[in-house]
Every structure is written in structure tokens, then in C-alpha cells.
Amino acid sequence: MDGIDQDRDLVTFRVRARASDAACSGCHRRSSRVHARYHRHLADLPFGGRRVLVIVHIRRFKCVNHRCAQATFSEQVPGLTTPFARRTPPLTEALIKVALALAGRPGSRLAARLAMPCGRDVLIRLIRAQPLPEPGRIEVLGVDDFAIRRRQSYNTILIDMDSHKPVDVLPDREADTLAAWLREHPEVQAVCRDRAGAYAEGIRMGAPQATQHADRFHLWQNLCHAAQKTVAAHHRCLREAAAAQVVPGEPELPAPAPTPAAELVIPPQRVYPLAERTRARYTEVHDRLARGLSRSAIARELNLERRTVRRFANATCVEELLGKAEHRVTKLDPYIDLVNQRWNEGVTNAETLAAELRTLGFTGDVQTVRRYLKPYRIPGTSRYRPDPHRRTPAPVTPAVPKPRTISRAILTHPDRLTEDDALIVKNAVAGCIHLERLQQHVRAFAKMMAQRRGHELPAWLDAVDADNLPELRSLAIGMRRDLPAIINGLSLEHSSGAVEGNVTRVKRLKRDGYGRANFDLLRAQILLAP
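Residues numbered from 1 in each chain as written. Predicted model: local features only at pLDDT ≥ 70, side-chain atom pairs only at ≥ 80, totals over all residues. Heavy atoms only, no water.

What follows is about the overall build of the chain. Per the secondary structure count, the chain includes 21 helices and twelve strands. The burial tally for the chain puts 41% of its 530 residues in the buried class. If you take every contact in the chain between residues at least 6 apart in sequence, the share linking residues at least 24 apart comes to 61%. Counting every atom, the chain has about 29,700 Å² of accessible surface; 51% of that belongs to carbon and sulfur. (Helix = DSSP H or I, 4+ residues; strand = E, 2+ residues; numbered from the N terminus. Buried < 20%, exposed > 50% of the residue type's maximum accessible area, 1.4 Å probe, protein only. Contact = heavy atoms within 4.5 Å. Areas by Shrake-Rupley, 256 points an atom, 1.4 Å probe, with all protein chains shown as cover.)

Structural data, given as C-alpha cells:
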């Protein structure tokens, strides 16, 4: 150590090597013949929040081996210098960790705050310079895809299910690509995957000796989607049952004024433009299907996307498509019964009702209340000076929960249901026999999945086929195509939970890189990041 210089933002160390000789970088023969001297400036890890600069007094030696092509060479200080580097190895390792965690721009900003300034391109070059780990021996493999550009390009991530670490990333999600990788790793004995047909085919081609395991999470997710469609399709049954109920003790409306408009006593049906458009489009698509037109021809004639036409064509009834169009969740939904009660009591000013609801926790604005009350006002009534006698009564029957609320309650474990959710399930299964059968099928599948009784799946599929539940029947048809893998997934301990966790980590890496990483850089980040 020759000396230390300190500044407000910089600490400078002046050092020199004390060895009498050095090894040649070409022939590794040691020499003590000094040819010249110079200084190298190296950045090091920060000290006390300040940047550190190390000035090293370097000697250049002459090689004593006359056959060596390296006439002169510079000495290297172990742990401090490397050829052509302007950073010390400890600083380089720290920057590599920052780059792997945050990629280019975010990593550069963090490094500057930590007194280790470094450009974003340098961080990316550091990632690309790192050697990628070898996969090693893998007996249980996890496979899943993640989007590079949603609905356009995808990659495949492969996970060692014993260590829960990624072992490779494939540039697409095609069956041939996965099969080629599996042929290079014949030691794979089991593969965990989702319901993708391409992966199933790739595993059959590349690793016929491996057993396939369908992930339980995706199976439950598929059942949830089918249950939601079933509830939406039969929601009208619950509304009709609620409308047929007679609720005693409701307050009577004041005597109407002697005007023709006051004779309107039937609550008007709320009109949803999206629902009306959905009904019209459903009729147009199915009329053309009945005439023998293909889905592509229908898409061209109606100027719709093929995916939209497919969704309308696959729907068994229009109610299946109206789940979101007619039952949109608003901030007013928890207070609908109170609004109806106050409206029937004669409180018809939307601002007054909104003020009362805010004391109970309502966070919406007065326009939400005003839009809800609009169908119950007789045309010609001013909203600023409403006439309590010129109005139609609001519905006094209990409000039917939204399809999403009902399906969520049906899909919840009975022991975890709140009193309100248990009442929702009880009313739903009592009002519609199809929802009662749906509840039985859901609970049977949940018990089979939780207790690892995959051998009961064929009997469950037969029970589903015996009921008039088109959505569950469609699910059963898809399960029969992949029956061995699903039975393995419902019976054995293997699961794709570790794969889903790594996919979530990949999404975070993509966000940090602003989606601009090439495949080689993203692959290196996935395989190297902690």
C-alpha cells in the first residue's frame, strides 16, 4: 500500500505488487526481468457509500523463453486484476448479481445509487458472458409455457422438479422442439404438464418411457370455468324463482296521483345495451350456422373475429354469454335492497340516497345511484325535483346474487363458507335442480382431488354424462382424451406448483427488462438468476 486519498465522493488506494517475478501469460514460465512500469486504474466495491478507485503500480516483464510468442507480459495481482479489466473481480461479481436481478436499466439505476455506476449495456454484456449451467440428470421434469408477446409468441420453460430450478428454456412451445430435447435426456421418468396437447404429443414422441402427470391446479381451473358457465346459463331460473316469491310486510306506496302514467305498477326490466347486442349477435351467428355457413364465412359476413364467432357458436344458449353483460358488479350492489326499500318509502332523490349510503360505507358517486333509479322513474319526471307519486315501485323480492358470487360459493369448501355464502348455496340448489347437480359434481371432484383418488375419475365422468349439464359434459369430453395423465395427476404426488412459481418469476424478469430482451439474454437470466 503506497497511500490513500479521500474525497467527498471518492476514496483512492495506491498499491503495488511486491513479488519479485511473475508468470508469462503465454508459456507460464516465470521471469524477473522488468521491461517497463505503468499504472492501472480499477474500480472496486464502494466504501462507506463512496466510490473506490484502486491505482495499481504494474510492471511489464520480458519473457525469458525465446520460443514463446509473448515477448513481454504484464503481471497480474490475484484477486485484484484480470487482463484488460477496469474493475476488480469483487465489483464485477456484485454487478453481475445486480444485472441478473434487475437487468439493464433498473440495474444501472440501482448500481448508481450504490456508488457502483455502470451502464445498462455493460450489465447486459456481463449477463451474456456468464457460462450457463448444465442440466445434469433429471428424473422428474416440469413443463410449461410463458408468453413473449401474448397470443403471438411463446417460450417453454423446463424445471427440475427435485430442485425446483429451471434447467432449460426452449424458443417455442411446439411438440417437435420438446421431443428433441427429451431425446437428449433419456433419464426423464416423469413429466408434469398442463392440459396443452402439444406438450402431450411432444412427450409421447421424445420420452415414451416417461409417465405424464396433468397438473391438479389446471384441472381445478377447468372445472371452475365450467361451473361458472353453468351458473350463468341457469341464473334465469333463480331470478324467476325469486320473482315468484311473495314477501309479506313490505311498505305500501303512497296513493298515486290521478294521472294515466300512475297506472304503471309493473317494475320495468332494466335494459343493458351490451346484453341486447349479445342476444342479437347470438341469433345472427346461429341462424347462419343453421343455413350451413362455415364459421370463417360468418366472420367475414358479420365483420367479426373468428374467435368471437367461435365463442358464440360454441355457446349452448344465450344465457351462457350474458353472465358478464347482464350481471356487472358495481359498488352499489351490496346496498341494492336498502335502495329499493328507501325508494318504496318515498325517498326518490338520488343525492339523498347516496348521502345515506356513504354513512354505511358506500364509495361510489351519485351517478351510480341515479343510473340504477332511472328505469323506475316515469318519463317526464325531473330528476332534480322528483315527484314521489310519478314512479314505479322497485322490486321488493330478495336480490339474486350475481353468477360469479354463486359460482364462488359453490366452489368453496363447505367448512370455509361464511353464513351468507352458505345461504347463497342453499338458495341456489333449492331454486334449480341443475345447480344442485353441479354442486354435487363439484364436491365429488374436490374430494377426489384432495384425497388423491384418481381411480374414481371414470365413474365421475360417467355421472357427469348422465346429467343435462352441457358445460360439464364438454369438460368431461376433454378429460377423456387425456385420461391417463389426469388419473396420474389426481393420484400421485407430483405437481406443477414449482413450475408455476418459476413462470411467475419469469414474468417479473420480463417486466424488469421492459420486454426487450432477446431469447438468448432472457434464457441466461432465467437460468442464472437466483
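Let us keep going from here.
Here helix 1 (residues 89-102) is 14 residues long and its end C-alpha atoms lie 20 Å apart, about the 20 Å a rise of 1.5 Å per residue gives. Considered for burial, the residues of helix 1 that qualify are L91, T92, L95, I96, V98, A99 and L100. Just past helix 1, the residue A103 takes up positive phi, approximately 65°. (Expected span 1.5 Å × (residues − 1).)

This part takes up unusual backbone geometry. Its identity as a non-glycine residue notwithstanding, H164 has a phi of 60°, on the positive side. Positionally, H164 belongs in the loop between strand 9 (153-160) and strand 10 (165-170). Backbone geometry places N303, a non-glycine residue, at a positive phi of 60°. With respect to the helices and strands, N303 occurs in the loop between helix 9 (295-302) and helix 10 (306-314).

Glancing now at a positive patch on the surface. Together, R150, R151, R295, R300, R306, R307, R310, K507 and R511 make up a region of like positive charge exposed at the surface. Looking at the positive patch, the elements with two or more residues in it are helix 9, helix 10 and helix 20 (497-512). The greatest single-element share of the positive patch, amounting to three residues, is contributed by helix 10. Among the secondary structure elements, R151 is positioned in the loop between strand 8 (140-149) and strand 9. Of the residues examined, R151 reaches a relative accessible area of 64% and is grouped as exposed. (Patch = residues over 30% accessible without salt bridge, like charges linked within 9 Å, V, L, I, M, F, W, Y side chains within 5 Å. Salt bridge = Lys/Arg side-chain N within 4 Å of Asp/Glu carboxyl O. Lys, Arg positive; Asp, Glu negative; His and termini not counted. Charge placed at Lys NZ, Arg CZ, Asp CG, Glu CD.)

The sheet contact formed by strand 5 (residues 34-47) and strand 6 (residues 50-62) spans eleven bridges and is antiparallel. By the bridge assignment, Y38 is partnered in strand 6 with I58. Counting the residues between successive antiparallel strands, the hairpin from strand 5 to strand 6 contains two residues, one of them, G48, with a positive phi of roughly 60°. (Pairing = 2+ DSSP bridges.)

Let us now look at the environment of Q451. Relative to the assigned elements, Q451 resides in the loop between helix 16 (433-450) and helix 17 (457-465). Its relative accessible area of 44% is what places Q451 among the partly exposed residues.

What follows concerns the sheet that holds strand 10. Strands sit in the order 10-9-8-11-12 across an open sheet of five strands; the sheet is mixed. Pairing within the sheet leaves two strands with one partner each, and these edge strands are strand 10 and strand 12 (211-214). Ignoring strand direction, the axes of neighbouring strands in this sheet form an average angle of 30°. With eight bridges joining them, strand 8 and strand 9 adopt antiparallel strand pairing. Bridge pairing in strand 9 places D145 opposite T156. Here helix 19 (residues 483-491) sits on the sheet in contact with strand 11 (190-193) and strand 12, set at roughly 70° to strand 12. The sheet strands contacting helix 21 (residues 519-528) are strand 8, strand 9 and strand 10, and the helix crosses strand 10 at an angle near 165°. (Axes fitted to C-alpha atoms, helices over the stretch in contact; angles between N-to-C directions.)

One pass over the full model with this rule turns up three aromatic pairs. When the centroid spacing of 5.8 Å and the interplanar angle of 80° are considered together, the rings of Y335 and F362 count as edge-to-face. With Y335 in the loop between helix 10 and helix 11 (336-344) and F362 in the loop between helix 12 (350-358) and helix 13 (366-373), this pair connects stretches of sequence that are 27 residues apart. The burial state of Y335 is the same as that of F362; both residues are buried. Taking 5.0 Å as the distance between ring centres and 55° as the angle between the ring planes, the aromatic pair formed by F445 and W460 counts as tilted. Residue F445 is located in helix 16, and its partner W460 is located in helix 17; the two are separated by 15 residues in the primary sequence. Its relative accessible area of 0% is what places F445 among the buried residues. One cation-aromatic arrangement involves R173 over Y154; the distance from NZ or CZ to the ring centre is 3.6 Å. (Phe/Tyr/Trp six-rings, centres within 6.5 Å; stacked < 30°, edge-to-face > 60°. Lys NZ or Arg CZ within 6 Å of the ring centre and 35° of its normal.)

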